[in-house]
Amino acid sequence: MTRHTIRRIVFQILFALESNSETNIEELYTQIQSESEANDAGVMPVYLTELVNGVVSKKEELDQVITSHLSNKWSIARLNKTDLLILRIAIYEAKFEDGVPKKVAINEALQLSKEFSDEKSRRFINGVLSNLITEEKNEAE
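Keep in mind it's a predicted model, so treat the numbers as computed, not measured.

Colleague: Hey, could you run me through the packing of aromatic side chains in this one?
Modeller: For any pair of aromatic rings, geometry is given as the distance between the ring centres together with the angle between the planes. This model, assessed by the stated rule, comprises four aromatic pairs. Centroid distance F11 to F15: 5.9 Å. Interplanar angle 40 degrees. Geometry classified as tilted. Here the residue F11 and the residue F15 both occupy positions in helix α1 (residues 3-19), the gap between them amounting to four residues, near one helical turn. An angle of 40 degrees between the planes, with centres 6.0 Å apart, marks the rings of W74 and F124 as tilted. Here W74 is found in the loop between α4 (59-68) and α5 (81-96), whereas its partner F124 is found in helix α7 (residues 119-140), with 50 residues between them in sequence. A network of ring pairs unites the aromatic residues F11, F15 and F116 as a single cluster. Taking NZ or CZ as reference, K81 lies 5.1 Å from the ring centre of F15, over its face.

Colleague: Please explain the packing of α1 against helix α6 (residues 102-116) as it appears in this structure.
Modeller: Packed helix pairs are characterised by how far apart their axes lie and by the angle those axes make with each other. The geometry of α1 relative to α6 is characterised by a closest axis approach of 11 Å and an angle of 60 degrees between their N-to-C directions. Taken as axis vectors, α1 and α6 run oblique relative to one another. When the axes of α1 and α6 are compared, the crossing they make is right-handed. From α1, H4, R7, R8, F11 and Q12 reach across to α6, where they touch V104, E108, Q111, L112, E115 and F116. Its residues assigned to classes, the contact of α1 with α6 shows four nonpolar, three polar and four charged.

Colleague: It is not clear to me how the side chain of E108 should be interpreted in this structure. Could you clarify?
Modeller: In this structure, E108 sits in helix α6. Given a relative accessible area of 13%, E108 falls into the buried group. Every residue in contact with E108, bar those within four places of it in the chain, is listed here: H4 and R7.

Colleague: Help me understand the pattern of salt bridges in this model?
Modeller: On inspection of all chains with the given rule, the structure shows eight salt bridges. Measuring nitrogen to oxygen at the nearest pair gives 2.8 Å for the salt bridge that ties R8 to E115. Linking R8 in helix α1 with E115 in helix α6, this pair joins segments that are 107 residues apart in sequence. Using a relative accessible area of 38% as the deciding quantity, one classes E115 as partly exposed. Three or more residues are tied together by salt bridges with common partners; here these are E18, K59, D63 and R88.

Colleague: Is there a simple way to think about the environment of K95 in this case?
Modeller: By the secondary structure assignment, K95 is in helix α5. When its relative accessible area of 35% is taken as the criterion, K95 is described as partly exposed. C-alpha of K95 to C-alpha of A105: the two residues are 10 residues apart in sequence and 9.6 Å apart in space. Excluding anything up to four places from it in sequence, K95 contacts V65 and E136.

Colleague: Help me out: how do you make sense of α6 in this one?
Modeller: In an α-helix there are 3.6 residues to a turn, and that puts residues three or four apart on one side. Along its 15 residues, α6 runs 21 Å from first to last C-alpha, staying within 8% of the 21 Å computed at 1.5 Å per residue. Restricting attention to buried positions, one finds in α6 the residues A105, I106, E108, A109, L110, L112 and S113.

Colleague: What is the right way to read the environment of R88 from this model?
Modeller: In this fold, R88 is placed in helix α5. Beyond its immediate chain neighbours, meaning those up to four positions away, R88 contacts E18, V55, K59, L62, D63 and I66.

Cut-offs and rules
Residues numbered from 1 in each chain as written. Predicted model: local features only at pLDDT ≥ 70, side-chain atom pairs only at ≥ 80, totals over all residues. Heavy atoms only, no water. Phe/Tyr/Trp six-rings, centres within 6.5 Å; stacked < 30°, edge-to-face > 60°. Helix = DSSP H or I, 4+ residues; strand = E, 2+ residues; numbered from the N terminus. Lys NZ or Arg CZ within 6 Å of the ring centre and 35° of its normal. Axes fitted to C-alpha atoms, helices over the stretch in contact; angles between N-to-C directions. Parallel < 35°, antiparallel > 145°, perpendicular 65-115°, else oblique. Left-handed = near helix turned anticlockwise from the far one by under 90°. Contact = heavy atoms within 4.5 Å. Nonpolar A, V, L, I, M, F, W, Y, C, P; charged D, E, K, R; others polar. Buried < 20%, exposed > 50% of the residue type's maximum accessible area, 1.4 Å probe, protein only. Salt bridge = Lys/Arg side-chain N within 4 Å of Asp/Glu carboxyl O. Expected span 1.5 Å × (residues − 1).

This is the structure in structure tokens:
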């Protein structure tokens, strides 16, 4: 399973969790595992569960980062669910996953937005993430 495929599945799991708080995450993992058995001998990638659990556990912190990079006209509540989840995944990877370069996190977010969103959303996601990376780079100097 490629990292991009893992991110796509993570997005789908997070979307299911966000859509219905009653969703049983273990059942989702079991379903994904059975669907991938034909392809990957049923092995659930560790990175998949790390990414889902990481985004879920750091949700408030990720939302604070996102909020700080929105214009005054916008709030987390106004963002569509797809864009919000893609931003959470990318920011989590950029901030908390040492093995993922920030540019890769942004590129993967843009790939997800091509699959699950539209051009306007993709530009919005790129803008938020680019501002975040530029700000962090300036703080480090």
